[in-house]
Amino acid sequence: MEIKEGGSVQFNQPQQSSLAKQALNDIASLLAKDAKQSLEQQGVGLLTGLAGQQLFFWQLHKQFPELASQHEFSARMTLIEEQIPFLHSQLAFGYGLTGVAWLYECFLHEGNYQAEFNHNTDVLLLQHLQQSDWTGELEFIRGLSGFAVYIARRQTAELGLPLAQALLTRLEQQWHQFADGTGAWEVATNSFFRFNQATDDSEFNLGLAHGVPSIIASLLPLLAHQQLHSQIKTLLQASCQWLIQQQQASEKFGSCFAYITDQPCQSRLGWCYGDATIALTLMRVGNAIDSDNFTAAGRNIALKAAQRRLTSSQVQDAGICHGSAGLALIFQVITRYYTESSLSQAAQYWFEHTLALYQTSGLDGFNAVREQDNSTCRLPDHGLLGGYAGIGLVLLMAFDVETNWLDALLLTNS
């Protein structure tokens, strides 16, 4: 299947473009106010903290250099560099060393690439993966799936192949094969992300953030290592076939997939969980290994997801993780694979909904819904995954700014 660039979401009214630019200006002004305070409150991480904000400024400068001060950008990079020694024991992609190292990889790949730059990170990560008593998470934010995103960017580095081999070994060790030849990865009983903490029963998570789809998506770019291609393809075929089998009656429950297996329900439509990112993952695998079965399944799931609107989506805010900007982004990527008008209409719907939140309430419209003191409230979030930085990155799509950062969310290969 040919992958297209896909038509960008559009400004259908003249004032929408100026509204989006004003939102970008407000986001940039807020994030630039006090980097040190932001560092103290949200940390240095790529998905949650300062590194994700820097990705936003990097992309913003390409379209609106007047909104992104190079001096302030350099000062913030210095703050990040000062934190790196404190991250050596915290490798998590979401908020630790590998996410920050990914950011450097992203910047370096746009210029004179220096493979040796992140060598020390490679050494630390390889040591971690080769521990005899390794008991880490498999998922994206803290675990192996996140590490894989960084490792994919290191394909040509000295330790690129050993890193990929060590990661694949861990995933094969955790692999659960079923009698029909399919397989998946079970959530460990001690996992922070386990739904059923009170029991030791088998649990298989169906979300891109913390479940089997995250592992599938993270393996895709590692197919580029020819020495590992056959092993990875075998895992992708068996796990995608298993994933397709987990579909529930969408007419009855309102979604094709639940949050975990054996507990049918309507799942939210988002990046973290739900049908849209499962559909995209199946499409990507089908394209990568030439499987019409997987691409057809992904298409059918995506078309159903594209029909859902605000009332049936469980969308409550604008963030990428489980908000309207995230859905605009996901459906935009899906249109690279299929041209059905309902898919591009879904991307446009969620993009315009995001703009409308700003038009009505300014930056407060982009505040994240959070649980605090046993009640639901809306709070400012400066991060990439749940807050202003990520929403800003999505707004830049409509100005045709390149989206070569989407591998950081398991939406494309690097």
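Just so it is clear, the model here is predicted, and its values are computed rather than measured. (Residues numbered from 1 in each chain as written. Predicted model: local features only at pLDDT ≥ 70, side-chain atom pairs only at ≥ 80, totals over all residues. Heavy atoms only, no water.)

Undergrad: Residues and numbers for the packing of aromatic side chains, please.
TA: Tallied over the full model, the rule gives 19 aromatic pairs. With centroids separated by 5.2 Å and ring planes inclined at 50°, the aromatic side chains of Y104 and F117 adopt a geometry described as tilted. Of the two residues, Y104 is situated in helix 5 (residues 97-108) and F117 in the loop between helix 5 and helix 6 (119-129); the sequence distance between them amounts to 13 residues. Residue classification places Y104 among the buried positions, given a relative accessible area of 9%. The exposure class of F117 is partly exposed, given its relative accessible area of 44%. Relative to F204, the ring of F178 lies with its centre 5.7 Å away and its plane at 55°, an arrangement referred to as tilted. Separated by 26 residues along the polypeptide, F178 in the loop between strand 1 (175-177) and strand 2 (183-185) and F204 in the loop between strand 2 and helix 9 (212-219) bring together distant segments of the chain. Among the aromatic residues, those joined into a ring-pair cluster are F11, F64, F351 and F399. Here the guanidinium or amino end of R142 rests over the ring plane of F192, the centre of that ring lying 4.2 Å away. Of note, R309 hangs over the ring of Y349, and the distance from its end group to the ring centre comes to 4.5 Å. (Phe/Tyr/Trp six-rings, centres within 6.5 Å; stacked < 30°, edge-to-face > 60°. Helix = DSSP H or I, 4+ residues; strand = E, 2+ residues; numbered from the N terminus. Buried < 20%, exposed > 50% of the residue type's maximum accessible area, 1.4 Å probe, protein only. Lys NZ or Arg CZ within 6 Å of the ring centre and 35° of its normal.)

Undergrad: Account for the packing of helix 3 (residues 50-63) against helix 5, naming residues and giving values.
TA: Between two packed helices, what matters for the description is the angle formed by their axes and the separation of those axes. Running from amino to carboxyl end, helix 3 crosses helix 5 at an angle of 15°, the nearest separation of the two axes being 10 Å. The orientation of helix 3 with respect to helix 5, classified from their angle, is roughly parallel. When the axes of helix 3 and helix 5 are compared, the crossing they make is left-handed. Facing A51, Q54, L55 and W58 of helix 3, the residues of helix 5 in contact are V100, W102, L103, C106 and F107. Grouping the constituent residues of the contact of helix 3 with helix 5 by class yields 8 nonpolar, 1 polar and no charged. (Axes fitted to C-alpha atoms, helices over the stretch in contact; angles between N-to-C directions. Parallel < 35°, antiparallel > 145°, perpendicular 65-115°, else oblique. Left-handed = near helix turned anticlockwise from the far one by under 90°. Contact = heavy atoms within 4.5 Å. Nonpolar A, V, L, I, M, F, W, Y, C, P; charged D, E, K, R; others polar.)

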